[in-house]
Amino acid sequence: MGIRGRRASGWILCGLVGLVLISIFLGIVVGPVTIPLRHVYGAILGSEDSDVSEVHRVIIRQVRLPRVLLGLLVGSALAVSGAAMQGLFRNPLASPYVLGIASGASTGAAVAILFASGSLLFLPLGAFVGATAAVLIVYGLARGRDRRTSIFTLILAGVAVGALFSAVTSFLIYLSSGGEKLSDVLFWIMGGLGRSTWTSLAILTPIAAVGIGGVFFFARDLNALSLGEEGAFHVGVNPTTLYRWLLGLTTLLTAAAVAMAGTIGFIGLVIPHIMRLLIGPDHRRLIPVSALAGGCFLVWSDMAARTVFAPAELPVGVITALLGAPFFLYLLKRKGANL
Amino acid sequence: MRITIEQVCFAYDGATSVLKGVNLAVERGGSVALAGPNGSGKSTLLRIVSGVLRPSSGRVRLDGSSMDEYSARRLARHLAMVEQERPMGFDFTVREVVAMGRIPHRGRFARETVKDRRAIQRAMELADIEALADRSIRAISGGERQRVYLGMAFAQEPDVLLLDEPTTHLDLHHQVRFMSIVRERTGEGMSVLIAIHDLTLAAQATDRIALMLEGHIAASGEPSGVLTPKNVRSVFGVEAVVGEHPDLGTIYVLPSLTSRDA
């Protein structure tokens, strides 16, 4: 295990902050219409530089900037909820997707789109209700009479509940039989940042701040939980309270991310995992580092999604899975049972 | 701290009762060894005293105040427990795990103070794990891991130490070393309650022994009074030679392998 890497975690953090800034600029520059880098400053800072054409200004301000920022937030939210889930269940296979939260959220989002016209208010609300329903079912099943949480039951229940909600979503799509709403639902299922607006950013920002900040607040307790529920109790961390808070926060983060960008897979699973290999399992470092890395990863995936087949756009979920899944398999092969 | 266990009963699922009215006290600076057959309730009793389980009836007091008055955090400042087995999901280093013993004493975002660092250093020396400091907790042997968790409990600087079969995976050197440390600590005022199978080692290291059988205390008191051939026979179903070592002055129990024919 890379002990040397842990000492360098400060540098990794600095490097990631730099990468975030680079990602913001690149995310604005890259796309079907290439925008010269020097125009980016002008358009963002709002100076009426005559060099910047009106078209570029609009593309930067109304399309690419909100899209890049939303990508950062969604990626962070997913990576942090993945890190929290993995810490909570002491299992590197846990993620918002494995536990059915994301499926619940997309069912909720689909209901909101089909029956409440998918306004920016009902969408996150629907996603949150769906995600909460999934969590309550899964957690309720896994919480035994002896007040201990069975991780195997939890993951099995998560897979089953996820399948159930996916089926409900498919059924809703089948019922809706075409039309504009159908394409809306499909967009959410495939996941993408193509519908980013300043409004969605304004909704997501406070939720992500509360969620990520909240998870970070419990970072030390997550470390203690790696000693098991009783081990955590013996150093003064009440595991039941911790479960409730963190399930609430991760549900909030996942639901908000799904509501804004659909189901984007593998970030919550792979990013915390890679970061743990780089800097070790201490959640006080893992959570901020995962947040930054998750954000960058989604922005870069999104750049790929909109340039590979430009001007057509791939759903970004396709890219994250295409990059994430093989890497995860490689880790699985290399680390084997010592995951 | 003085531990008083009063009429404690417990049943895991409301059906089979595991503890049937246990009374036991550990004085401040005292040490009590819990011995008895598998399933006699030793671990359950320890889990109740540690606060993880609540008794179905009866109560546990620490220095006179009921356990219910303690929050998990306040309890952890006074009491440390090492369970028989502990899962470890991630590759924390040995030092990081020992440092977790400081959690109840530190603020959520506080950096390690000199006091923390000193406690961690001392605990690692006591548990003889300094050489393992940078190794992953998952890459060391079972006995080494047991020492790490004991070290973590020492770093917690508790007034009460609860140990569930702490010497099972330890080699002879570390068994002896560890029990000597426990005896030293009680001299400094720490109270120790320890579930242990090795009666001879228990007799040497603790001042009292409680023999448990089927959920209650069958006998308790000083080793010389409790460890009699009659008690060993009735509690364990084993014939044993019990004697006092002429030089060391401690009780030894030598089980005989012929008991099945007897």
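This text follows the structure it describes.
Read on for a plain summary of the structure. Residue indices follow the written sequence of each chain, beginning from 1 at its first position. Key to labels: chains lettered from A, ligands numbered from 1, both in the order written. Local features in a predicted model are, by the rule used here, given only for residues with pLDDT of at least 70; side-chain atom pairs are given and counted only at 80 or more, and totals for whole chains, interfaces and linings are based on all residues. The side-chain values count all of the structure's non-hydrogen atoms but skip hydrogen atoms and water molecules.

With that settled, consider the overall build of chain A. Regarding its fold elements, chain A presents 15 helices and zero strands. Taken across its 339 residues, chain A has 56% of its residues classed as buried. In chain A, the proportion of contacts linking residues at least 24 apart, taken out of those at least 6 apart, comes to 74%. Only the protein chains shown count as covering a residue, and every accessible area follows the Shrake-Rupley method with a 1.4 Å probe. As presented, chain A carries roughly 13,900 Å² of accessible surface, and 72% of it is formed by carbon and sulfur atoms. Secondary structure elements are defined from DSSP: runs of H or I of at least 4 residues count as helices, runs of E of at least 2 residues count as strands, and each element is numbered from the N terminus. Only protein chains enter the accessibility calculation, which uses a 1.4 Å probe; a residue whose area is less than 20% of its type maximum is buried, one above 50% is exposed, and one in between is partly exposed. Any two residues whose heavy atoms approach within 4.5 Å are treated as being in contact.

To continue, consider the interface of chain B and chain A. Listed as interface residues are 34 residues of chain B and, on the opposing side, 35 residues of chain A. Computed with a 1.4 Å rolling probe, the buried area is the accessible surface lost when two parts are put together, summed over both parts. For chain B, the biggest contributors to the area lost against chain A are Phe 90, Ile 103 and Arg 108 of chain B; these three give 26% of the whole. Salt bridges are counted wherever a side-chain nitrogen of Lys or Arg sits within 4 Å of a carboxyl oxygen of Asp or Glu. The interface formed by chain B and chain A contains three salt bridges. As a salt-bridge pair, Arg 47 of chain B and Glu 230 of chain A come within 2.3 Å of each other at their nearest N and O atoms. Identification of polar contacts relies on pairs of N or O atoms within 3.5 Å, with a donor-acceptor requirement for protein atoms, meaning one able to donate a hydrogen and the other able to accept it, and with residues adjacent in sequence counted only if both atoms are side-chain atoms. The interface formed by chain B and chain A holds eight residue pairs in polar contact (both at pLDDT 80 or more) in total. Secondary-structure elements contributing two or more residues to the side of chain B that touches chain A are helix H1 (42-50), helix H2 (72-78), strand S6 (79-82), helix H3 (94-100) and helix H5 (142-155) of chain B.

All names here are of chain A. Tracing the chain through its elements places Leu 246 in helix H12 (residues 239-261). Here Leu 246 falls in the buried class, since its relative accessible area comes to 0%. Those residues in contact with Leu 246 that sit more than four places away from it in its chain are Leu 88, Val 215, Phe 218 and Leu 222.

Turning next to the environment of Ala 205 of chain B. All names here are of chain B. Residue placement: Ala 205 occurs in helix H7 (residues 199-205). Judged by relative accessible area, which is 6%, Ala 205 ranks as buried. Considering only alpha carbons, one finds Ala 205 and Gly 237, 32 residues apart in sequence, at a separation of 24 Å. The residues touching Ala 205, leaving out its near neighbours within four places in the chain, are Ser 31, Met 179 and Arg 183.

Once that is clear, we can look at the pairing of strand S11 (residues 240-244) of chain B. Residue and element names in this part refer to chain B. The pairing criterion is simple: DSSP has to find at least two bridges between the two strands. When S11 meets strand S12 (residues 251-255), the two strands line up antiparallel, connected through five bridges. By the bridge assignment for S12, Ala 240 is matched with Pro 255. Between S11 and S12, which pair antiparallel and follow one another directly, the connecting turn spans six residues, one of which, Gly 249, has a positive phi of 75°.

All names here are of chain B. Within the open sheet, the four strands sit side by side as S2-S1-S4-S5. Their pairing is antiparallel. Where the open sheet ends on each side, the last strands, each with one partner, are strand S2 (17-26) and strand S5 (65-66). In terms of strand pairing, strand S1 (residues 3-11) meets S2 through seven bridges, oriented antiparallel. From the neighbouring strand, Ile 3 faces S2, where its bridge partner is Val 26. Comment: axis = line fitted to C-alpha atoms, over the contacting stretch for helices; angle = value between 0 and 180 degrees taken between N-to-C directions. Strands in contact with H1 are S1, S2 and strand S4 (57-62); relative to S1, the strand with the most contacts, it is inclined by about 120°.

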